[in-house]
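Structural overview
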Amino acid sequence: MKEFKVTDHILVPKHEVLSKEEKIELLKKLNISEKQLPKIFDSDPVVKEIGAKIGNVIKITRNSPVAGKSIYYRIVIKSE
Amino acid sequence: MYKRIAAINFGLLSPKVIKKMATVEITRYDLYDKDGYPVEGGVMDPRLGVVDPGLRCRVCGGGVGTCLGHFGYLELARPVIHVSHVKTIYKILRSTCEKCGRVLETPEELKKSDNPLYDLYVAKKTKCPHCGAKQRKIKLQKPYTFTIDDKPLTPLEIREWFERIPDEDLKLLNIKGGRPEWLIITLLPIPPVTVRPSITLETGERSEDDLTHKLVDIVRINQRLKDNISIGAPDFIIDDLWELLQYHVATYFDNNLSGVPQARHRSGRALRTLAQRLKGKEGRFRNNLSGKRVNFSSRTVISPDPMISINEVGVPEVVAKELTVPIKVNKRNISFLKSIIKKGPNAIDGANYVIRPDGRKKKITEENKNEIAEEIDIGYSVERHLKDGDIVVFNRQPSLHRMSMMAHKVRLTPWRTFTLNLCVCAPYNADFDGDEMNLHVPQTEEAQTEAKRLMLVENHIRSPRFGGPLIGCIQDHISGNYLLTKKETKIKKEDAIQILQNIGIEADVTRDLTGKELFSYLLPKDLNMEFKSNACIGCEKCDKEKCPYDYYVVIRNGELKNGVIDSKAIGREKGLIVDLIEKKYGSSKAREFLDRVSKLGINFLSRHGFTIGLSDVEVPAEAKRKIKKAVEESERECGILIKNYEKGEVKQIPGQTIKESLETHILKTLRKVLDKASDIIEENIKENCAVVMAKSGARGSMLNLTQLAGCIGQQTTQGERINRGYKMRTLPHFKRGELSPDAHGFVPSSFKDGLNPFEFFFNAMNGREGLMDKSLRTRKSGYMERRLVNALQDLKVEYDGTVRDDRGVIVQFTPGEDKIDPSKSEWGGINIDRIIEDEMGKGA
Ligand SMILES: [Mg+2]
Ligand SMILES: [Zn+2]
Ligand SMILES: [Zn+2]
Ligand SMILES: [Zn+2]
């Protein structure tokens, strides 16, 4: 049987891991520290599936009813 | 740079700490000596702080305001239980050994829970696993008495028990912040006099604070207990006194304990002790910390004034003389300020205080005003009265959205109420049946400018809720403009000149005008638009500018060519002209338009005459007959449906029982009656004032008129015909199981004809449900709004376009995902068609 992947589901938006350079650039652009980014647990099914590690920033491209596409960033943190 | 609080630690005060932070040991229960001086060692000992102005503190040298007060302590003759901690004490007693003090549960049993002390509900073990001692049964008799095997367990014994518990075992029970024996009070901290100041009455008598009274009681009983112990009094006397001491200390903390009589003042009033100071709506948190009283504010009844601008508020002169604005003295304004001071505090446009460069305030009086006028110089400030044009913040509760607090420009009036333009009733949700509103005066130039730029009424014409004008014309404004812009309306030259003069437009009128021509004076010269009016009946094929009823509005280059002006053009939440002017020419022009158009409507209407009465709901007998026929026909249809049901031939609707299907069919049939009646009324009623209001959207609807003149129709509860009441019938006058329209809330009468008792009762049921729904809904939505506001209040759109909270943590990278502020866009979006039309010209 084919293994189920959450990222294949129609309601799960596109998740990508940012490279180290992209992450630094993002933090510099927004003039913030890592602590000020929205967070996501490393135990999140999508995070596990795309293999993101603690400290990685994930770029999420969502379909928005008002803006068409909208981009969001979340940093992976250790789950409690 | 600010500092961030990393953590706050709550814990217990140890006797050692209590002694260390105290400056006095309290030993005497008298407050003042014969000469009226506070007694040393008493509860009002001068070393506890200063409350009298002019005196210096003997401990810290500060005066009133600089000396925050100092604690004392009282050594209790016998320990007592702290009432707020009885539950904790009980739990510790139940989970530790009475002999060795070790925890009775094994570490494995404790591991099941994060907070074992509070989660353990197991029965107390009967034998200690450490020393083997038998455990007796502990009981708590509310509020603060403990027993062991039904014999009393004194606070002294509890204290000794708790002292035996080793620190490692406390960790097992997750007890942090101190030793458990500190839960039993041996030293009572005596709060500084600054938290319980005495007040001197006019008669010269001293009146002490409730807390002081309570402390005196405690010290007195403690002294008696001590004396009795030292003379070796019998046990029962000592026990009684000990119990009394426990009572006084308990009520000192909380005078609202269940099962304990309240400690009372001589007058019989219950004392307000520590817990009462903090708790509830009148407590420190809700009354003094979450919300405070402010200066430079006022509150009074509101009334309407259609002649002032929506940006203005009428302020009574008596109020303006109390509210002040500080003005710094400089080279340019010194002579002006001197003239204001010379007018004194009682003249309007005068001044109340001057503030010297050292910050001291000096009151201006009739006697010293000339003297002070000579004294002031650069560096002084003058608190002058409010005057025309000052910026103030105006507010009506409940403040549910940002339009509940808007900035207005002051306009002084000789009367006693705040007055406001009728167009701003909507955002405040105000009416004039006794409503009161608050007014605040910003005190710095920065605050005044900010209020003016961000909060002025004209900047809130477009609502952030739906992106349309929330502030617009209402009621008579709309009726007036509707009648004015009707095809046949003509205005005499003289009248036109007078009306234009009244609304503040200068124009050369050389001939008689049509109503549309007069209205066009208000429009910008390059305004172009077309739309269907509110009165439009929605013909199958719209003839646009050739509409036979003149319901299609065409504006070409600022000239109203076709159509009547009604709520769709200038009303609130619709107002397309207001909407376009705001977008195209800015909010200032929109405000000007609103001010003028509302005045125009009222001006015309008062010349024209406008009134409603019973005759407005009169319809020809022919129409009445038609309605009656429609009612009878649908009743016949219902009869057929019911007969079919009894024969079992009802067309069943999927998902419904046969009975439910029947109800649905009947409801549908009876609903049609109202529509039919509505059509008949609309055709037959002549255009009178009530109809003008309904058609123009000024007030009321065609349905209201139908119910008045024609037929009220089916009454419902919870979306169904009325079925509740007695067993199998709605009222005892009907047969059981009767299904006819009459027996289930169908009302064929009109309000004008009058209702029979059944009809009246059914109508009242329907009305009551509406009232209940409304009050339930507002309560529910009010609380939902409150929670939402509390959750979102710190979020803010930063200058870089991100949404962040108060710690700078990003919540959204683009506000609302589309970066559109609905209060600055048309109906929450961008009207590309209009932009193209404006840029490229029509037809592009
Ligand atoms: Mg009211
Ligand atoms: Zn002091
Ligand atoms: Zn033991
Ligand atoms: Zn039409």
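Small disclaimer: the values here were computed from a predicted structure and weren't measured.

1. With respect to the packing of helix α16 (residues 476-484) of chain B against helix α24 (residues 689-696) of chain B
Any two packed helices are characterised by how steeply their axes cross, that is the angle between the axes, and by the distance between the axes. Residues and elements named next belong to chain B. Put simply, α16 and α24 touch, their axes get as near as 9 Å, and they point 100° apart. On the basis of the axis angle, α16 is roughly perpendicular to α24. When α16 is examined against α24, the residues Ile478, Ser479, Tyr482 and Leu483 are found in contact with a partner set consisting of Val692, Met693, Lys695 and Ser696. Its residues assigned to classes, the contact of α16 with α24 comprises five nonpolar, two polar and one charged.

2. Considering the domain arrangement of chain B
By the assigned domains, chain B splits into domain 1 (81-182), domain 2 (297-460), domain 3 (476-608), domain 4 (616-771) and domain 5 (796-838). The centre of domain 1 of chain B, based on its C-alpha atoms, is set 72 Å off from the matching centre of domain 4 of chain B.

3. Considering the sheet that holds strand β22 (residues 552-556) of chain B
Residue and element names in this part refer to chain B. Strand order in this open sheet of three strands is β21-β22-β23, and the pairing throughout is antiparallel. Pairing within the sheet leaves two strands with one partner each, and these edge strands are β21 (529-532) and β23 (559-562). Mean inter-strand twist for the sheet, computed between neighbouring axes without regard to direction, equals 20°. Alignment of β21 against β22, held across four bridges, turns out to be antiparallel. Residue pairing in the sheet places Lys532 in a bridge with Tyr552 of β22. Docked against the sheet, helix α20 (residues 576-585) engages β21 and β22, running at close to 150° with respect to β21.

4. Regarding helix α12 (residues 334-343) of chain B
Residue and element names in this part refer to chain B. Listed as buried for α12 are Ile334, Leu337, Ile340 and Ile341. Buried residues of α12 fall within an arc of 120° about the axis and therefore sit on the same side. Positioned one or two residues after α12, Gly344 has a phi angle of 85°, which is positive.

5. Considering the packing of helix α22 (residues 621-647) of chain B against helix α23 (residues 658-684) of chain B
Residues and elements named next belong to chain B. In contact at an axis separation of 9 Å, α22 and α23 are set at 170° when each is read in the N-to-C sense. Judged by the inter-axis angle, α22 sits roughly antiparallel to α23. Split by residue class, the contact of α22 with α23 holds 16 nonpolar, four polar and six charged.

6. Examining a nonpolar patch on the surface
All names here are of chain B. Together, Ile830, Ile832, Ile835, Ile836 and Met840 make up a nonpolar patch on the protein surface, roughly 510 Å² of accessible area in all. Topologically, Ile832 is positioned in helix α27 (residues 832-840). Residue classification places Ile832 among the exposed positions, given a relative accessible area of 52%.

7. Notes on the sheet that holds strand β28 (residues 796-797) of chain B
Residues and elements named next belong to chain B. Reading across from one edge, β28-β29-β30 is the order of the three strands in this open sheet, with antiparallel pairing throughout. Looking at which strands have only one partner, the edges of the open sheet turn out to be β28 and β30 (810-812). When β28 meets strand β29 (residues 803-804), the two strands line up antiparallel, connected through two bridges. The partner of Val797 across the bridge, within β29, is Val803.

8. Structural notes on the confidence of the model for chain A
When pLDDT is averaged along chain A, the result is 91; 98% of the residues meet or exceed 70. Mean pLDDT values over the elements of chain A span from 92, in helix α2 (residues 45-50) of chain A, up to 95, in strand β2 (residues 39-41) of chain A.

9. Thoughts on the pairing of strand β2 (residues 71-81) of chain B
All names here are of chain B. The pairing of strand β1 (residues 22-25) with β2 spans three bridges and is parallel. Across the sheet, residue Val24 finds its bridge partner in β2, namely Gly72. Bridge count between β2 and strand β6 (residues 184-190): six bridges; the pairing is antiparallel. What sits directly across from Val80, in β6, is Ile185.

10. Re the interface of chain A and chain B
Note on interface size: it is often stated as the accessible area lost on association of the parts. Taken together, the contact pairs 13 residues of chain A with 13 residues of chain B. Counting each side, the surface lost to burial between chain A and chain B is near 1,000 Å², with a carbon and sulfur contribution of 55%. It is A:Leu30, A:Gln36 and A:Tyr72 that lose the most area in chain A upon contact with chain B, and together they represent 43% of the buried surface on that side. Inspection of the region where chain A meets chain B yields zero salt bridges. In terms of residue count, strand β4 (residues 68-77) of chain A provides more of the side of chain A that touches chain B than any other element does, four residues in total.

11. A few points about the environment of B:Arg272
All names here are of chain B. Turning to its location among the elements, Arg272 is positioned in the loop between α8 (235-253) and α9 (274-278). For Arg272, a relative accessible area of 36% corresponds to the partly exposed category. Each C-alpha atom, one on Arg272 and one on Leu245, is 18 Å from the other, the two residues being 27 residues apart in sequence. Setting aside anything within four residues of it in sequence, one finds Arg272 in contact with Asp210, Arg277 and Glu282. From its side chain, Arg272 meets the backbone oxygen of Gln276 in a polar contact 3.4 Å long.

Rules used in this analysis
- Throughout this description, residue numbers start from 1 for each chain and increase along the sequence as written.
- Chain labels run from A onward and ligand labels from 1 onward, assigned in the order the entries are written.
- Local features in this predicted model are restricted to residues whose pLDDT is 70 or higher, and side-chain atom pairs enter the listing and the counts only when it is 80 or higher, whereas totals over whole chains, interfaces and linings include all residues.
- Side-chain metrics rest on all non-hydrogen atoms present in the structure, leaving aside hydrogens and water.
- To obtain each axis, a line is fitted to C-alpha atoms, and for helices this fit is confined to the stretch in contact; angles are then taken between N-to-C directions over 0 to 180 degrees.
- Working definition: helices are DSSP H or I runs of at least four residues, strands are E runs of at least two. Numbering for both runs from the N terminus.
- Relative orientations are named as follows: roughly parallel for angles under 35 degrees, roughly antiparallel for angles over 145 degrees, roughly perpendicular for angles from 65 to 115 degrees, and oblique for any other angle.
- By definition in these notes, contact holds between two residues if any of their heavy atoms fall within 4.5 Å.
- Throughout this entry, Asp, Glu, Lys and Arg are counted as charged residues, while Ala, Val, Leu, Ile, Met, Phe, Trp, Tyr, Cys and Pro are counted as nonpolar. The remaining residues, Gly among them, count as polar.
- By convention here, the domain bounds are inherited from an automatic or database domain assignment.
- DSSP bridges decide pairing: two strands pair if at least two such bridges lie between them.
- Accessible area is worked out with a 1.4 Å probe on protein chains only. A residue is then buried under 20% of its type maximum, exposed over 50%, and partly exposed in between.
- Throughout, the arc means that of the directions going from the helix axis to the C-beta atoms.
- Patch criteria: residues need more than 30% relative accessible area and no salt bridge. Like-charged residues are merged within 9 Å; nonpolar side chains of Val, Leu, Ile, Met, Phe, Trp and Tyr are merged within 5 Å.
- Computed with a 1.4 Å probe, the accessible areas rest on the Shrake-Rupley method; for each residue, only the protein chains presented here act as cover.
- For this document, the term salt bridge refers to a Lys or Arg side-chain nitrogen within 4 Å of an Asp or Glu carboxyl oxygen.
- Values of pLDDT, the confidence the predictor places in each residue, fall between 0 and 100.
- Buried area: the accessible area, evaluated with a 1.4 Å probe, that two parts lose upon being put together, summed over both parts.
- The definition of a polar contact used here is a pair of N or O atoms within 3.5 Å, where within protein one atom must be able to donate a hydrogen and the other to accept one, and adjacent residues in sequence count solely through side-chain atom pairs.

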